[in-house]
Structures are given as C-alpha cells and as structure tokens.
Amino acid sequence: EAGVAQSPRYKIIEKRQSVAFWCNPISGHATLYWYQQILGQGPKLLIQFQNNGVVDDSQLPKDRFSAERLKGVDSTLKIQPAKLEDSAVYLCASSTRTDRIHEQFFGPGTRLTVL
Amino acid sequence: LAKTTQPISMDSYEGQEVNITCSHNNIATNDYITWYQQFPSQGPRFIIQGYKTKVTNEVASLFIPADRKSSTLSLPRVSLSDTAVYYCLVGGLNNNDMRFGAGTRLTVKP
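If you're wondering where the values come from, they're calculated on a predicted model, not measured in any experiment.

Each value, and the rule that gives it
Residues numbered from 1 in each chain as written. Chains lettered and ligands numbered in written order. Predicted model: local features only at pLDDT ≥ 70, side-chain atom pairs only at ≥ 80, totals over all residues. Heavy atoms only, no water. Phe/Tyr/Trp six-rings, centres within 6.5 Å; stacked < 30°, edge-to-face > 60°. Helix = DSSP H or I, 4+ residues; strand = E, 2+ residues; numbered from the N terminus. Buried < 20%, exposed > 50% of the residue type's maximum accessible area, 1.4 Å probe, protein only. Contact = heavy atoms within 4.5 Å. Buried area = accessible area lost by both parts, 1.4 Å probe. Polar contact = N/O pair within 3.5 Å; in protein donor to acceptor, adjacent residues only side chain to side chain. Pairing = 2+ DSSP bridges. Axes fitted to C-alpha atoms, helices over the stretch in contact; angles between N-to-C directions. 1 Å grid on protein atoms, 1.4 Å probe; cavity = no way out; pocket = protein on both sides within 12 Å on 5 of 7 lines; lining within 4 Å. Points joined across faces, edges and corners; volume = space filled by probe spheres on them. Nonpolar A, V, L, I, M, F, W, Y, C, P; charged D, E, K, R; others polar. Core = buried A, V, L, I, M, F, W, Y, C linked by side-chain atoms within 4.5 Å.

**Student:** Lay out the packing of aromatic side chains with the relevant residues and their values.
**Tutor:** Applying the stated criterion across every chain yields a total of eleven aromatic pairs over all chains. Seen in terms of ring centroids, tyrosine 35 of chain A and phenylalanine 100 of chain B are 5.7 Å apart; in terms of plane orientation they differ by 90°. Their pairing is edge-to-face. Here tyrosine 35 of chain A, found in strand β4 (residues 31-37), pairs with phenylalanine 100 of chain B, found in the loop between β8 (84-92) and β9 (104-109), and the two come from separate chains. Assessed through its relative accessible area of 12%, phenylalanine 100 of chain B is described here as buried. Here the aromatic residues Tyr33, Tyr35 and Phe106 of chain A together with Tyr36, Phe46, Tyr87 and Phe100 of chain B are joined through ring pairs into a cluster of three or more.

Rendered as structure tokens:
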C-alpha cells in the first residue's frame, strides 16, 4: 500500500514570497491533516479535512495560510506571504476516520526555510 | 483538554528495556492514550494505543494503571534504530483536542 506522498521535500524561499505544498493521502482515506512542526517541537495541527470539507482550521493563520482539498483526495497548503517564523517542516497525514484517536499515517514532510 | 507531561529526554543502551512514562492527570472517561514515534526527517508513526490495563503489540507494550492518570510505554531490548522522539497523546471519540506535545527524545547508545 502506497503511503502519504508530499512534494516538494525541500523548499527555500525569501520572506514575503509565496509557497505551496502538495499532499496525496493514502487511497480511500477520507480524513486529511496538515501539521506544522517547528524544530524541537511536536507537530501542531493547522487544518483537518473530511473529504473536501473543513473539520477544524482553528489554528490556521488565515491571514497568510490557506488550504484546499477540492476533490476530496489530494490537497494543497499555501503560504502567502511567508515570514521567517514559517520555517518548519509541514507534515501531511491521512486517516480512515474523522476522530483523531484513529491512526494517522504521516508523509515525509516538506522542509521549508524562509530567508 | 487532557494535558500530558513526559520527560524531555532519556538515554539508554542497546539491549536494555526502556520505559517512558506520561502523566495525564485530567484524563477524561472516554479518552484513549496513544503513542507515536518519530525518526529524524520522517513523519510520526503510530506505535500503540490503549484505554486501560495493558496492551502489547510487536513493537511495544503500554501499561495503564487503574486510575489512568499516567501511562508507561515499554520498549523491550532497544537497539540503535529505536533512537527517536516518542509522543504521548490523550483524546477520545468526538474529542478533537488531542494534540502532540514536545515528546521524549530517546537516545540509544551502543
């Protein structure tokens, strides 16, 4: 079974530029998560989708971050404009169920460096 | 929101058993305890989950006392490849406050 795919794996941009990350979850997984992991910290949930609907985006900085999952399968996370403090690894995870206690399968992440 | 507390770091040697304890004093009746493992440059990986008493799988054991205010992840005979960060999470069905903390950084030495 193929895992969660993410691209790119690495991205370096200058502050105030825009960036987008892509995630393809495990086939059949209706729930998709985006997390931000700053060096030395645990993953912080940014947004949770159930199919193409948003379940929770309470911790998403909506003035600069946006995410979509138009067809209920793959998803994109965008940052515009980027700030220095956005440097982090962005992790995508998917699950068969909405409840977070159900096993989440994580992708390898995209490491973003903002200069 | 059930807050969890676990040691920041632990050291061990190959072949030893490692026990990582997580405190969750305000765990709710419907909450489960879940542990994830994260290797460097990878996303977290689900290890084990339990509600009470003891759960064992091919990777680890999870011990949960009767009051459920703490839990212990037990890794038998660790090897260098068990060096990772281990996260304890608490949450239940219809409770979406389950969050990752800072985790415990386990270093296994030869």
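The rest of the description comes next.
**Student:** Describe unusual backbone geometry, listing the residues and the values that go with them.
**Tutor:** At the junction of serine 7 of chain A and proline 8 of chain A, the peptide bond is cis and its omega measures out at -10° in the coordinates. A cis geometry characterises the amide bond from glutamine 80 of chain A onward to proline 81 of chain A, with omega recorded as -5°. Within the fold, proline 81 of chain A resides in the loop between β8 (75-79) and β9 (88-95). With a phi close to 60°, threonine 53 of chain B is a non-glycine residue in the positive phi region. Within the secondary structure, threonine 53 of chain B is located in strand β5 (residues 53-56).

**Student:** Talk me through the interface of chain A and chain B; I want residue IDs and the actual numbers.
**Tutor:** For interface size, the figure often reported is the accessible area lost on association. Contact with chain A, which involves 20 residues of that partner, is made by 21 residues of chain B. Taken together, the two surfaces of chain A and chain B that pack against each other cover about 1,600 Å², and 51% of this comes from carbon and sulfur. Where chain A packs against chain B, one counts five residue pairs in polar contact (both at pLDDT 80 or more).

**Student:** Residue-level account of the sheet that holds strand β1 (residues 5-7) of chain A, with values.
**Tutor:** Residue and element names in this part refer to chain A. Spatial ordering of the open sheet is given by β1-β3-β8-β7, a layout of four strands whose pairing is antiparallel. In this open sheet, the two edge strands, each paired with only one partner strand, are β1 and β7 (65-68). Neighbour to neighbour, the strand axes of the sheet diverge by 15° on average, direction disregarded. Note that β1 and strand β3 (residues 19-24) share three bridges and pair antiparallel.

**Student:** An account of the layout of surface pockets is requested, with residue identities and associated values reported.
**Tutor:** The computed volume of the largest pocket comes to approximately 640 Å³. What lines the largest pocket is a set of 33 residues, and nearest its centre among them are Gln37, Leu39, Gly40 and Arg111 of chain A together with Gln38 of chain B. For the lining of the largest pocket, the secondary-structure elements that each account for two or more residues are β9 and β11 (110-114) of chain A together with β8 and β9 of chain B. Of the residues that constitute the lining of the largest pocket, the class distribution is 16 nonpolar, 14 polar and three charged.

**Student:** Can you break down the sheet that holds β8 of chain B residue by residue, with the values?
**Tutor:** All names here are of chain B. Pairing is mixed in the open sheet, where five strands are placed in the order β1-β9-β8-β3-β4. The open sheet has two edge strands with one neighbour each: β1 (9-13) and β4 (45-50). Each strand axis lies, on average, 25° off the axis of its neighbour in the sheet, ignoring direction.

**Student:** Which residues make up the environment of valine 90 of chain B, and what values do they have?
**Tutor:** Inspection of the secondary structure assignment puts valine 90 of chain B in strand β8. The sequence separation of valine 90 of chain B and glutamine 49 of chain B amounts to 41 residues, and the corresponding C-alpha distance is 9.6 Å.

**Student:** Got a sec to walk through the nonpolar core? Specific residues and values, please.
**Tutor:** Core analysis: the largest hydrophobic core is formed by 21 residues, its most contacted members being Phe21, Trp34, Leu77, Ile79, Tyr90 and Leu112 of chain A. Counting only elements with at least two residues in this core, the list comes to β3, β4, β5 (44-50), β8, β9 and β11 of chain A. Those residues in contact with leucine 77 of chain A that lie beyond four places of it in its chain are Val19, Ala20, Phe21, Trp34, Leu46, Leu60, Phe65, Ser66, Ala67 and Tyr90 of chain A. Counting 20 residues, the second largest nonpolar core, distinct from the first, contains Ile64, Val78, Ala84 and Leu106 of chain B.

Geometric descriptors of this kind do not, in isolation, establish any biological role.
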